[in-house]
Amino acid sequence: MAEKQSQWWKESVVYQIYPRSFQDSNGDGIGDLNGIRSRLDYLARLGIDVIWLSPVYKSPNDDNGYDISDYQAIMDDFGTMDDFDALLSEAHAKNIKIVMDLVVNHTSDEHPWFIESRSSKNNPKRDFYIWRDAKPDGTPPTNWGSCFSGSAWEFDEKTNQYYLHFFSKKQPDLNWDNPKVRDAVFDMMSWWCDKGIDGFRMDVISMISKPDIYQDSPTHGGLYGDSSITCNGPRVHEYLREMRQRVLSKYNLMTVGETAGVNLEEAKKYANANGTELNMVFQFEHVDLDSGAGGKWSKNPMSLIALKSNLSKWQNGLDGVAWNSLFFCNHDQPRVVSRLGDNSPVSAKAIATMLHMMQGTPYIYQGEELGMTNCPFGAIENYRDIETLNAYRELTESKQREPEELLSCIAYKSRDNARTPMQWDNSPNAGFTSGTPWIMTNPNYKTINAAAQINNPDSVFSYYQKLIALRHESDWKNIIIYGHYDLLSPDDPDIFAYTRELDGRKLLIICNFTAKSRRYTIPEEIKWQNYKSVISNINNNTLARELNLNPWEADVWELI
Ligand code: NOJ
């Protein structure tokens, strides 16, 4: 049974592994569990505390493992349950915890539950999923669109009804209103917890409770109705409280909900400090700031003023009442150094400084610590991601977008940018595989790779190591983890500056978010008699009220 529930996750740094692209150990071009085992020393050297493992369960891979056909078995491409057990114990031996991806908004259509459910209307598992009749005119039950293009309903001839799938048609949504679904999910979660895993990242958990009334939703000029109507549904908090009571409270876990469509008020419920639901959530407002008329498939530059205002709202809004996740990168996002930065190592360090000095738990996505960039995929044939490929097909076939223009947005935003092989060294395929990688390797691996960085004190890797160490063992640790946040100069379009304060001690963080030199005057209300440099990406150790900041300069000071 549970040890005392501690809040170790507040003081941890999490590293996300997308196993398919991390390290291949058997030459089939696909990363695997034994590959991860072989890289644990690298992670220990970086200094992270927790691995979040994207799904490793049995899956037909329509959505790279986010379509699960057996929650208690390992995907063939990734290895065996013995490999998993070995990974868990070897990670624990190095003081690294493992948080599993929990994908329970939907299963694969190849999951035995769905196979039974679709077999007949009277099957005991029928109600594990969401089945509805066509509208009287024969069209799908509602106009809802899938997040991966097309209708969210798929017609099944066998029983003459439609099933709901907010992602691909191979990812039918589970019916959480059925108590037997909740029993089955909670039993499965307990099984993993009893194995000794350290927590869950919960995939689109804000979508598990469907609307009470099934009716058309606004199309916003697109072909289908808005699927965000399923976010933060009527019983989601009730179900998470039940999950807490029946499973999570019995173990000493870290839980983070992927909560599409969450706003501050909802986040305060999901991640409430009383601990009745989850420890923290991923919110997406800041990574949606460069969406535009074409939705996600737009190339609007991200305004720094908007970004500062948004992140500050979350920093201040959750302080003391909930807990933030700090992230820019994951397997669904393009590379931040290509998005906010200019692909340069110094910009990677500036972005990292800004994020890692905030209040919350930082997440590093594989390769971010090397400054890995977006990949020049070129033709649509080089992409592998179902979201990207479906969107390209739907938007070009319906003539809503011109292929070339859409392709340039895809180059900027596709999830595949994050999914290219991890760049280990300058040998063929970046040392990821001895075979043919399942997706192209970014050609810049010859210069951007781990081997070139781990022993170089000026590398992006070494800088991340320092940022992590500051949170773990420095004199500033508590200010960095728990300090109160205050934004400075909100209207400055180039400079991201803020303070952190705890028990009368104060840190000043200043980052120049441009590739040009900038003069910056520290606001009058900020006072100091003395100062100490905490970290600087250009080794600046002189503070003055009037600063001449270098391109992408980022400095952190303690004001004394
Ligand atoms: C969110 C995951 O992060 C994404 O990769 C996946 O495609 C969808 N949920 C569906 O599971």
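Structure first, text after, so check above.
Below is a summary of the structure that appears in this document. Along each chain, residues carry numbers from 1 onward, in the same order as the chain's sequence is written. For a predicted model such as this one, the threshold for reporting local features is a pLDDT of at least 70, and the threshold for listing and counting side-chain atom pairs is 80 or more; totals across whole chains, interfaces and linings nevertheless cover every residue. For the side-chain quantities, the full set of heavy atoms in the structure was used; hydrogens and water were omitted.

All right, on to the side chain of N310 then. Relative to the helices and strands, N310 resides in helix α8 (residues 304-318). Only protein chains enter the calculation, and the probe is 1.4 Å; a residue is then buried if its accessible area is under 20% of its type maximum, exposed if over 50%, and partly exposed in between. On the basis of relative accessibility, which here comes to 9%, the residue N310 falls in the buried class. The definition of a polar contact used here is a pair of N or O atoms within 3.5 Å, where within protein one atom must be able to donate a hydrogen and the other to accept one, and adjacent residues in sequence count solely through side-chain atom pairs. A distance of 3.5 Å separates the side chain of N310 from the backbone nitrogen of H286, its partner in a polar contact. Under the scheme used here, helices are H or I runs from DSSP no shorter than 4 residues and strands are E runs no shorter than 2 residues, and both carry numbers assigned from the N terminus.

Think of a salt bridge as a Lys or Arg side-chain nitrogen and an Asp or Glu carboxyl oxygen that are within 4 Å of each other. Under the counting rule described, the total for this entry stands at 41 salt bridges. For K477, the salt bridge identified is with E11, shortest N-O distance 3.7 Å. You can see K477 sitting in helix α15 (residues 477-482) and its partner E11 sitting in the segment before β1 (14-17), a full 466 residues away along the chain. Residue E11 is classed as partly exposed on the basis of its relative accessible area of 28%. The residue K296 makes a salt bridge to E387 at a minimum N-O spacing of 2.8 Å. Here K296 is found in the loop between β11 (280-282) and α8, whereas its partner E387 is found in helix α11 (residues 386-397), with 91 residues between them in sequence. A network of salt bridges, in which partner residues are shared, links D63, K296, D332, D385, E387, R415 and R419.

Position of K413 among the secondary structure elements: in helix α12 (residues 403-413). Among the polar contacts made by the side chain of K413, one reaches the main-chain carbonyl oxygen of S298 at a distance of 3.3 Å. For K413, the contacting residues outside a window of four places in its chain are D290, S291, K296, W297, S298, P334 and R339. Residues are treated as being in contact if the distance between any of their heavy atoms lies within 4.5 Å.

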